[in-house]
Amino acid sequence: MAQKGKSIFPPFQPLRVKYKDVFDLKAFYESLHEWLGQNGWGAIEKGEMDHFETYYGERIGREGMREIWIQWRASKDAENGPNFTYYLYFDYHVLGMTSIEVVKEGMKMKVNKGELDLIIDARIEEKYSKALESNPLLKYFFILFKERVYRKELEQRKKELYQEAYVLQNFIKQWF
């Protein structure tokens, strides 16, 4: 349950996908970007609809092995509940990535080999809470309003967000 004064909170534990083998990071990056766009997710900064990336860091070791950190932030308004916004926070961590060539269907392809750890942290924002907490009269009724009026609505939105995050996790696992 959300704590008093917190309008954005994680309704469930973050989802995690780990993969260690040969993969194409660029193709995965583009596929995930496309999936988010097709499912109505946009960037948190309203000016840039499809620019999810907020951080990119890379370190190259002595033997050419790369370690990469990437952060994406996406948001989406709840379809049936105008008082809620969903957020997805992606934290990529790629370890020991090197470029290799493989032969697939008779063609040479440049791909990556390494370990990818992707954490997906889903969150919900209760838009109505800001208005209620800032009103000098209504702030005393905030807890009552939240527990009585919006409790079922909030539980339904948590369930929807969980289902969408689970579908996303399933898409990522199938991609690999």
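Residues numbered from 1 in each chain as written. Predicted model: local features only at pLDDT ≥ 70, side-chain atom pairs only at ≥ 80, totals over all residues. Heavy atoms only, no water.

Draft legend 1. Geometry of the overall build of the chain. Each helix and strand counted, the chain has 4 helices and 7 strands in total. Overall, the chain shows an N-to-C arrangement of helices and strands of β-β-α-β-β-β-β-β-α-α-α. Expressed along its principal axes, the backbone C-alpha trace of the chain runs to roughly 70 × 35 × 30 Å. Each of the 176 residues in the chain was classed as buried or not, and the buried ones make up 38%. Long-range contacts, defined as pairs at least 24 residues apart, comprise 68% of the intrachain contacts of the chain with a sequence gap of at least 6. Distance between charge centroids for the chain: 6 Å, based on 28 positive and 27 negative side chains. (Helix = DSSP H or I, 4+ residues; strand = E, 2+ residues; numbered from the N terminus. Buried < 20%, exposed > 50% of the residue type's maximum accessible area, 1.4 Å probe, protein only. Contact = heavy atoms within 4.5 Å. Lys, Arg positive; Asp, Glu negative; His and termini not counted. Charge placed at Lys NZ, Arg CZ, Asp CG, Glu CD.)

Draft legend 2. Seen up close, helix α1 (residues 25-38). Under the 1.5 Å per step criterion, the end-to-end length of α1 is 20 Å for 14 residues, consistent within 8% with the ideal 20 Å. Turning to α1, its buried residues are Leu25, Phe28, Leu32, Trp35 and Leu36. On an axial view of α1, the arc spanned by its buried residues comes to 95°, and they lie on one face. Projecting away from the buried face of α1 at angles above 90 degrees are the exposed residues Lys26, Glu34 and Gln38. (Expected span 1.5 Å × (residues − 1). Arc of directions from axis to C-beta.)

Draft legend 3. The arrangement of the pattern of salt bridges in detail. Applying the stated criterion to the full structure yields 11 salt bridges. One salt bridge connects Arg157 with Glu160, and the closest N-O pair in it is separated by 2.6 Å. Within this pair, Arg157 and its partner Glu160 are both found in helix α4 (residues 151-175), separated by 3 residues, close to a single helical turn. Since its relative accessible area comes to 5%, Arg157 is described here as buried. Within this structure, Glu153, Arg157 and Glu160 form a network of salt bridges that share partners. (Salt bridge = Lys/Arg side-chain N within 4 Å of Asp/Glu carboxyl O.)

Draft legend 4. Representation of the packing of α1 against α4. Following both chains from N to C, one finds α1 and α4 inclined at 150°, their axes separated by 11 Å at the closest point. In terms of their interaxial angle, α1 and α4 are classed as roughly antiparallel. For the crossing formed where α1 meets α4, the hand is right-handed. Taken together, the residues of α4 that come into contact with α1 (itself represented by Ala27, Phe28, Ser31, Leu32 and Trp35) are Glu164, Val167, Leu168, Phe171, Ile172 and Trp175. (Axes fitted to C-alpha atoms, helices over the stretch in contact; angles between N-to-C directions. Parallel < 35°, antiparallel > 145°, perpendicular 65-115°, else oblique. Left-handed = near helix turned anticlockwise from the far one by under 90°.)

Draft legend 5. Representation of a nonpolar patch on the surface in the model. Taken together, the side chains of Leu137, Leu138, Tyr140, Phe141 and Leu144 make up a nonpolar region of the molecular surface, amounting to roughly 560 Å² of accessible area. For Phe141, the position within the fold is in the loop between α2 (127-134) and α3 (142-148). On the accessibility criterion, Phe141 (46% relative accessible area) is partly exposed. (Patch = residues over 30% accessible without salt bridge, like charges linked within 9 Å, V, L, I, M, F, W, Y side chains within 5 Å. Areas by Shrake-Rupley, 256 points an atom, 1.4 Å probe, with all protein chains shown as cover.)

Draft legend 6. Just the nonpolar core, in detail. Residues Leu88, Phe90 and Tyr92 are the most contacted members of the largest nonpolar core, which totals 39 residues. Elements supplying a minimum of two residues to this core: β2 (15-23), α1, β5 (66-77), β6 (84-104), β7 (107-126), α2 and α4. Here this core takes 7 residues from β6, the largest share from any one element. Setting aside residues up to four positions removed in sequence, Tyr92 forms contacts with Phe28, Tyr29, Leu32, Ile68, Trp69, Ile70, Trp72, Leu116, Asp117 and Leu118. (Core = buried A, V, L, I, M, F, W, Y, C linked by side-chain atoms within 4.5 Å.)

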